[in-house]
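So the chains spell out like this:
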Amino acid sequence: MAFVLSKSSAFGVAAKPVSRRSSVAVKASAVPENVKEARAWIDAWKSKQGGAKRDPSLPSWMPGATLPGYLNGTLPGDFGFDPLFLGADAEKLKWYAQAELVHSRFAMLAVAGILFPELLANIGLSWPGAGVAWYDAGKFEYFAPASSLFGVQMLLFAWVELRRYQDIVKPGSANQDPIFSGNKLPDGNEPGYPGGIFDPFGWSKGDMKSLKTKEIKNGRLAMLAFAGFAAQAYTTGTTPLKNLATHLADPWSTTVWQNDLARL
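All of these numbers come straight from a predicted model, not from anything done at the bench.

(A) Representation of the side chain of Asn189 within the structure. One can find Asn189 in the loop between α4 (146-169) and α5 (208-236). Separated by 3.2 Å, the side chains of Asn189 and Asn175 make a polar contact. Looking at Asn189, its side chain comes within polar contact range of the main-chain oxygen of Pro194, at 3.2 Å. Beyond its immediate stretch of four places on either side in the chain, Asn189 contacts Asn175 and Pro194.

So this is what it looks like as structure tokens:
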């Protein structure tokens, strides 16, 4: 290489550098649909983050954080918790609020249905099924096969949920009982808070906002409690009150840290 350059220079000919570069034509392929959807979701998520911000004077689940403005404190138990911005759409937020309310009520019933029968059985009361752990309730022999009871329960649930959905879509449309015409809920009631026969003590005539907040707080606690009961049954194989009695009998040696599965 050096010889070629020197020889060319000697005859007054400018040496041309030898290029080792090669051009490669790259044809862009079409963007896959799943990538397009992911990018669109990310863009929408970013746009939601850039919207109105929550009033910092309102209660916050994360003090000091910038929270979305559509959670403006009007919902019961609103602490601005929506890290994925699922409620940015006003209609979806309304549905999510109703879903949380219903799940809270189910969880409160479930927790009471776990604790009270066990407590009553422990103090000596007896009935068919007394002493059966809550996670074994499905194995108990009832007056009918479990499959039949499950089917009837699903039909009843479907009926109730359909009526609830109708009331959410068109408030007040489900106030009149379709079978027993003498039963009717008060006009102008709010979806999720029917009143009437569902408020025998007339509490809705008082501070309704405070009652709604207390209910949703207790419901959230119940949802966490039921999740804890399920984890407890899986890791210890027994019931909440039995675990509590074992812990109180030896509080320093019987804790979650002594459970091999819980330490995982």
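(B) Inspection of the UniProt feature "binding site: chlorophyll a 1" (unreviewed entry) in the protein chain at higher detail. Taking the UniProt record as the reference, the feature "binding site: chlorophyll a 1" (unreviewed entry) is found at Glu100, His103, Lys214, Glu215, Asn218, Gln232 and His247. Mapped onto the fold, Glu100 is located in helix α3 (residues 90-122). By secondary structure assignment, the location of Gln232 is in helix α5. Setting aside chain neighbours within four positions, we find Gln232 in contact with Gly237, Thr239, Pro240 and Asn243.

(C) Representation of the nonpolar core in the model. If you look at the biggest cluster of nonpolar residues, it comprises 5 residues: Ala107, Val111, Ile114, Ala222 and Phe229. Of all the secondary structure elements, the ones that give two or more residues to this core are α3 and α5. Sort the elements by how many residues they give to this core and α3 lands first, with 3 residues. Ignoring anything within four residues of it in the chain, the contact list for Val111 reads Ala222, Ala225, Phe226 and Phe229.

(D) Quick peek at unusual backbone geometry. One non-glycine residue, Phe85, lies in positive phi territory at about 55°. Relative to the helices and strands, Phe85 resides in the loop between α2 (33-49) and α3.

(E) Representation of the side chain of Thr238 in the model. Positionally, Thr238 belongs in the loop between α5 and α6 (240-249). Residue Thr238 is classed as buried on the basis of its relative accessible area of 18%. Discounting residues that sit within four places of it in the chain, Thr238 has contacts with Tyr135, Ala233 and Asn243.

(F) How the structure looks around the pattern of salt bridges. Enumeration according to the criterion identifies 9 salt bridges in this entry. The salt bridge involving Glu100 is made with Arg220; its shortest N-O contact spans 2.7 Å. Taken together, the positions of Glu100 in helix α3 and Arg220 in helix α5 put the pair 120 residues apart, joining distant regions of the chain. Here Glu100 falls in the partly exposed class, since its relative accessible area comes to 28%.

(G) Representation of the UniProt feature "binding site: chlorophyll a 2" (unreviewed entry) in the protein chain within the structure. Per the UniProt entry, the sites bearing "binding site: chlorophyll a 2" (unreviewed entry) are Arg105 in this numbering. Looking at the secondary structure, you find Arg105 in helix α3. Leaving out residues up to four positions away in the same chain, Arg105 has contacts with Gly192, Tyr193 and Glu215.

(H) Fine view of α5. Between its first and last C-alpha atoms α5 spans 41 Å; for 29 residues at 1.5 Å apiece the expected length is 42 Å, and the two agree. Buried within α5 we find Lys212, Ile216, Gly219, Ala222, Phe229 and Ala233. Against α3 and α6 lie the buried residues of α5. Following α5 by one or two positions, Gly237 adopts a phi angle in the positive range, close to 75°.

Rules used throughout
Residues numbered from 1 in each chain as written. Predicted model: local features only at pLDDT ≥ 70, side-chain atom pairs only at ≥ 80, totals over all residues. Heavy atoms only, no water. Helix = DSSP H or I, 4+ residues; strand = E, 2+ residues; numbered from the N terminus. Polar contact = N/O pair within 3.5 Å; in protein donor to acceptor, adjacent residues only side chain to side chain. Contact = heavy atoms within 4.5 Å. UniProt positions renumbered as here; feature names shortened; annotations may be inferred. Core = buried A, V, L, I, M, F, W, Y, C linked by side-chain atoms within 4.5 Å. Buried < 20%, exposed > 50% of the residue type's maximum accessible area, 1.4 Å probe, protein only. Salt bridge = Lys/Arg side-chain N within 4 Å of Asp/Glu carboxyl O. Expected span 1.5 Å × (residues − 1).

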